[in-house]
Every structure is written in structure tokens, then in C-alpha cells.
Amino acid sequence: MILKIVKYPDPVLQQPGEPVTEFNAELRKLAADMFETMYAENGAGLAAQQVGIAKRLAVIDVTGGKDASQKLVVVNPEIISREGKVYETEGCLSFPDIIEKVVRAAEVRIRAQDLDGKWFEMDGADLLARCFQHEIDHLDGMLFIFRMSALKRDLVQRKIRKLQRAGEW
Ligand SMILES: [Zn+2]
């Protein structure tokens, strides 16, 4: 089932997620629906807050559905190490058509649970590292516009207000 994606400035996007404690059929269904929603919008990652649920769960697929083995669900994830720095463009399904450069670590190692509640650790570089950081930020209620310079953030927020007034946001 395709879910409705919540757009900025909906307050749920800035609400830190509650840890997931029950690894049941409902959680599996939510993850499956989040993948379907993400693929429908050509995204590489989607956090639960983006479908209006403040829980620490995100789905990621840097191949955009081209390689099923790359589908990844991270439950209660945290970054345990970071290396390097990159300044690259980034987008977010809660900010349609807004693409801006954001500073991120070049490589990260995360620790997370899978849908069975089993803990695992995983290294990410390039786009996967960026996705890990972007999605884990979402789970903390942090949005990529707050990782931009104040000047850029101001421009983006002005653009959004203009689109809102025109009924296009
Ligand atoms: Zn996002």
C-alpha cells in the first residue's frame, strides 16, 4: 500500500522517533508499505516520520529497486563511527524538488536491528553513507535543511512559502 508522504513543515518531521520495541507483523507491513511508497517516488530512503509515524524505523535502497539484495530496513539505528567529509547534493521526499549541497561524513558504520529484532553492524560509503546519515537524522527529528548554511536554508524556506501561497506545496 502506498502511504501519503508528509511534507515539511509538518511537525511530525521534527519529532524524534520512539524506539521500536515490538517486532511483529504490523512492523513488517509498515516496512513493506514504506518500500512501496519510496519506490513510487523514486527515493533511496524513507523514514517512518515521513509517513507520519514517529518511530525509529527507516527503509533504504540505493539502487532504487533495481537490486532486491540491496533492500535494507534499519530499526533503532545509530551511527557508531564516521570518517571523512563530503559536500554533495542531497534531496528529500518531504521537500519535493529541493536539491542542495549538505556536508556529511564520507563513510559511516551503523548499528541497527532488523525486522526480527536482531542487531547488526554495517559499513556504508558514498550514497549509502549519505542515506544512513540522512535517514538517521530523520529518526532524530533532524531535517537536511538544518544541515545547510543559514543563507541557503533561508532561501529554501522562502521558496517553500512561495509555493505554499501558490498552492503548489
Ligand atoms: Zn529525507
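What comes next concerns the included structure. If you're wondering where the values come from, they're calculated on a predicted model, not measured in any experiment.

**A closer look at the environment of Pro96**
Then, number 1: Locating Pro96 in the fold gives a position in strand 5 (residues 95-104).
Then, number 2: For the pair Pro96 and Trp169, spaced 73 residues apart in sequence, the C-alpha to C-alpha distance is 8.3 Å.
Then, number 3: Aside from chain neighbours lying at most four places away, what touches Pro96 is Lys7 and Trp169.

**A closer look at the coordination of the zinc ion**
The textbook angles at a metal center are 109.5 degrees for a tetrahedron of four donors and 90 or 180 degrees for an octahedron of six.
Then, number 1: Surrounding the zinc ion are the protein donor atoms Cys92 (SG), His134 (NE2) and His138 (NE2), at 2.0 to 2.2 Å.
Then, number 2: Spacing between the donor residues of the zinc ion along the chain follows C-x41-H-x3-H. One end of the pair, His134, and the other, His138, are both in helix 2 (residues 126-139), four residues apart, so they sit about a helical turn from each other. Each member of the pair His134 and His138 is classed as buried.

**Observations concerning the sheet that holds strand 6 (residues 107-113)**
Then, number 1: Ordered by their spatial adjacency, five strands build an open sheet running 1-2-3-6-7, and the pairing between neighbours is antiparallel. Of all strands in the sheet, those bounded by a partner on one side alone are strand 1 (45-47) and strand 7 (119-125). Here the average twist between neighbouring strands, direction ignored, is 40 degrees.
Then, number 2: Across the sheet, helix 1 (residues 25-40) lies against strand 1, strand 2 (57-60) and strand 3 (72-83), angled at about 45 degrees from strand 2, the strand it touches most.

Conventions and cut-offs
- Residues numbered from 1 in each chain as written.
- Predicted model: local features only at pLDDT ≥ 70, side-chain atom pairs only at ≥ 80, totals over all residues.
- Heavy atoms only, no water.
- Helix = DSSP H or I, 4+ residues; strand = E, 2+ residues; numbered from the N terminus.
- Contact = heavy atoms within 4.5 Å.
- Donors = N, O, S within 2.8 Å, 3.2 Å for Na, K, Ca; no water.
- Buried < 20%, exposed > 50% of the residue type's maximum accessible area, 1.4 Å probe, protein only.
- Pairing = 2+ DSSP bridges.
- Axes fitted to C-alpha atoms, helices over the stretch in contact; angles between N-to-C directions.

By themselves these figures say nothing about function.
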